[in-house]
Amino acid sequence: MTLLGTRRFWSRNGMLLTGGLIVGFMSLAALAAYWIAPFDPTTLNMDSILKAPSMAHPLGTDALGRDVLSRMLFGARVSLWVGFVAVGISVSIGLFLGLVAGYFGGLVDEIIMRGVDVMLCFPSFFLILAVIAFLEPSLSNIMVVIGATSWMGVARLVRAEALTLRGRDFVLAAKVAGAGPARIIFVHILPNAIAPVLVSATLGVAGAILVESSLSFLGLGVQPPMPSWGNMLMEGKDVLTFAPWLSFYPGLAILITVLGYNLLGEALRDLLDPRMRD
Amino acid sequence: MPALARRIIAKALWICAIFIGITVISFTVIHLAPGSPTDLQTTMNPEASSDARARLEALYGLDKPLHVQYVSWLSRMVRFDFGRSMSGDHRPVWDKILERLPLTFGMNVASLILTLAITIPLGIASAYWQGRVFDRAATIFVFIGFAMPGFWLALLLMYAFCIQWPLLPISGLTSLGFDQLSFTGKLWDLTSHLILPLFVYTFGSLAGMSRFMRTSMLEVLRQDYILTARAKGLPLSTVIFKHALRNALLPVITILGLSIPALIGGSVIIESIFALPGLGQLFYQGVMARDYPLIMGNLVLGALLTLAGNLLADLAYGLADPRIRSGRNGQ
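Residues numbered from 1 in each chain as written. Chains lettered and ligands numbered in written order. Predicted model: local features only at pLDDT ≥ 70, side-chain atom pairs only at ≥ 80, totals over all residues.

A. Quick peek at the overall build of chain A. Assigned secondary structure in chain A consists of 13 helices and zero strands. Mapped in sequence order, the helices and strands of chain A form the string α-α-α-α-α-α-α-α-α-α-α-α-α. Overall size of chain A, expressed as C-alpha extent along the three principal axes, is 75 × 60 × 30 Å. Counting across all 278 residues of chain A, residues that qualify as buried make up 45%. If you take every contact in chain A between residues at least 6 apart in sequence, the share linking residues at least 24 apart comes to 68%. (Helix = DSSP H or I, 4+ residues; strand = E, 2+ residues; numbered from the N terminus. Buried ≥ 20, exposed ≤ 12 C-beta atoms within 10 Å, placed from the backbone. Contact = placed C-beta atoms within 7 Å.)

Here it is in structure tokens:
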């Protein structure tokens with residue numbers, strides 16, 4: 001216990017602990033939503049419309065009499081699910097393109113990396129909105145679109161790693177032993193390039209949650225009655241004057257969750273790459 | 001050939017290549033639409049006339065092979081012919097964009113200036129007091145700034161300053177009866193409508209920029225020439241503000257260019273919340289109405305603005321850094 005009280009301990013592990021606690025708490029709340037939510041998140045109750053926070057409804061009720069706390073718990077499931085799947089997609093694309101570009105080099109590398117530059121020139125939120133306008137806003141479309149517009153950072157990272165790794169002796173040894181490019185890339189280079197990707201993916205979850213909530217806030221993301229923190233805020237905006245709690249708690253949840261993933265990501269960066277510490 | 005000229009030519013070629021890339025992606029986005037991109041606007045929209053359908057099909061040349069379609073579409077884009085809006089007034093898209101551009105552009109420039117005015121001193125102070133109380137407080141602020149959803153901040157501000165303490169108007173660009181106001185009255189009316197949006201715009205880029213400024217300053221302070229300057233007895237303020245700051249600002253120029261896509265994206269949310277008649281709101285309305293020509297016009301314009309920003313940043317970098325100006329970079 002003496003260790004916990006020292007400044008040295010907190011300055012080294014404060015970010016990791018705080019981030020880990022927030023992420024763990026939010027994940028648990030999302031997983032257990034079915035059991036711990038006091039009310040059904042979509043059942044209308046015309047007797048309790050826009051009730052301020054009370055014992056029965058700790059965070060109040062919305063314009064259709066639904067319990068805000070219950071909706072937020074189910075909203076956490078949506079946010080985290082979108083975050084994870086979108087990052088899964090972007091990391092898969094980024095890993096694949098980055099590995100191929102870095103390992104083969106030359107023209108392949110040039111083409112892929114110029115593609116990355118072009119994608120970075122797009123105002124990605126514009127592009128996401130445009131694509132959502134052409135497809136229909138649905139949970140799966142949102143996850144795919146966010147993932148497909150956020151892989152560039154991972155691709156650059158992985159390419160740089162692959163570029164240095166491909167000249168190392170163990171790769172040469174694998175080549176001499178007769179391993180093909182696919183085996184070298186996925187068995188020998190990938191595991192050694194994974195650390196920075198882990199950091200990038202953790203920060204990516206935070207980014208994806210922010211984008212999803214912005215889209216839902218604009219009415220182009222998760223569609224009601226399915227609750228998401230973003231569309232709860234959209235509904236709250238219309239009654240901001242007399243039911244401000246509707247506009248407060250979901251936003252706070254976004255802030256804390258994103259903060260948690262960012263802290264965890266930065267802490268992982270420090271742990272995995274001491275050179276990045278400043 | 002002089003180094004600067006070679007640099008500019010290389011950059012111009014690069015810009016053309018990126019422009020092609022951007023238009024290919026935009027074009028692909030059009031063709032992502034299930035079925036014909038004109039269906040939603042025509043067969044599913046009783047208000048759309050057969051004339052409008054014909055116009056749209058001609059714009060996209062849907063009867064021709066894909067590469068022919070792309071080339072004719074591209075040649076229209078280059079001449080800023082984005083066709084006519086499919087919703088509401090059916091005016092040319094380019095006219096609608098032009099009248100919305102000044103507000104969004106002005107807001108972005110104002111917020112960039114404010115951001116720099118705040119983050120440069122903040123970054124210097126954080127680097128100077130690295131690890132001390134000020135730096136720690138700034139770090140906490142940065143983390144919260146990174147995690148703060150802009151639209152939530154806007155809602156909080158609206159509640160605080162427009163409902164709880166009604167000091168500022170809640171939305172729009174002007175009040176009713178704006179035309180009758182005196183000049184100073186008009187000026188104040190505009191300003192009071194723009195304070196909150198400007199705050200949200202600026203807050204969004206504070207965290208990233210001050211963090212970047214801090215890192216850049218720390219890098220520079222580690223250099224040998226800083227030690228030399230201190231060793232020959234120059235006062236600390238001279239070393240920081242003359243020797244270190246100039247060099248620490250160089251990478252900031254590049255980051256400014258790179259931050260433009262985020263600013264453009266942010267304008268969609270901020271302008272929709274505050275009901276400001278800018279480019280972001282126009283784009284949002286276009287998306288909600290599935291107004292294809294309007295969406296594509298905005299998409300290409302947004303990308304062009306980003307490119308222009310990158311090019312400007314690059315040229316400014318070249319002017320600011322003598323190593324690049326004289327072409328002796330890395331030799």
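What follows continues from the structure just given.
B. Molecular detail of the environment of Ile132(A). Residues and elements named next belong to chain A. Looking at where Ile 132 falls in the secondary structure, it is placed in helix H6 (residues 124–134). Classification of Ile 132 as buried rests on a count of 20 C-beta atoms within 10 Å. Taking the C-alpha atoms as reference, Ile 132 lies 17 Å from Ile 89; in sequence the two are 43 residues apart. Dropping the residues within four chain positions of it, Ile 132 is found in contact with Pro 137, Asn 141, Val 145, Leu 215 and Leu 220.

C. Geometry of the nonpolar core. Grouped together as the largest cluster of nonpolar side chains are 126 residues, with contacts concentrated most on Phe126(A), Ile128(A), Leu129(A), Ala130(A), Val158(A) and Ala154(B). With 15 residues, helix H4 (residues 68–104) of chain A is the single largest residue contributor to this core. Filtering out sequence-adjacent residues up to four positions away, Phe126(A) remains in contact with Ile264(B), Gly265(B), Phe283(B), Asn298(B), Leu299(B) and Gly302(B). Formed by ten residues, the second largest nonpolar core is a distinct cluster that contains Met209(B), Met213(B), Met217(B) and Val220(B). (Core = buried A, V, L, I, M, F, W, Y, C linked by C-beta atoms within 7 Å.)

D. Looking closely at the confidence of the model for chain A. The predicted model of chain A has a mean per-residue pLDDT of 86, with 94% of residues at 70 or higher. The spread of mean pLDDT over the elements of chain A runs between helix H1 (residues 2–5) of chain A, the lowest at 56, and H4(A), the highest at 93. (pLDDT = per-residue confidence, 0-100.)

E. Geometry of helix H8 (residues 152–165) of chain A. Residues and elements named next belong to chain A. An ideal rise of 1.5 Å per residue puts 20 Å on 14 residues; H8 measures up with 20 Å between its terminal C-alpha atoms. Along H8, eleven of the 14 residues are buried, which leaves the element largely enclosed by surrounding structure. Met 152, Gly 153, Val 154, Ala 155, Arg 156, Leu 157, Val 158, Arg 159, Glu 161, Ala 162 and Leu 165 are the residues of H8 that are buried. In this fold, the buried residues of H8 make contact with H4, helix H5 (106–121), helix H9 (169–176), helix H10 (181–189) and helix H11 (194–217). (Expected span 1.5 Å × (residues − 1).)

F. Up close: the environment of Gly150(B). Residues and elements named next belong to chain B. Relative to the elements of secondary structure, Gly 150 occurs in helix H6 (residues 150–164). The exposure class assigned to Gly 150 is partly exposed, which follows from the 19 C-beta atoms found within 10 Å. Separated by 54 residues in sequence, Gly 150 and Gly 204 place their C-alpha atoms 6.6 Å apart. Excluding anything up to four places from it in sequence, Gly 150 contacts Val 200, Gly 204, Gly 266, Ile 269 and Ile 270.

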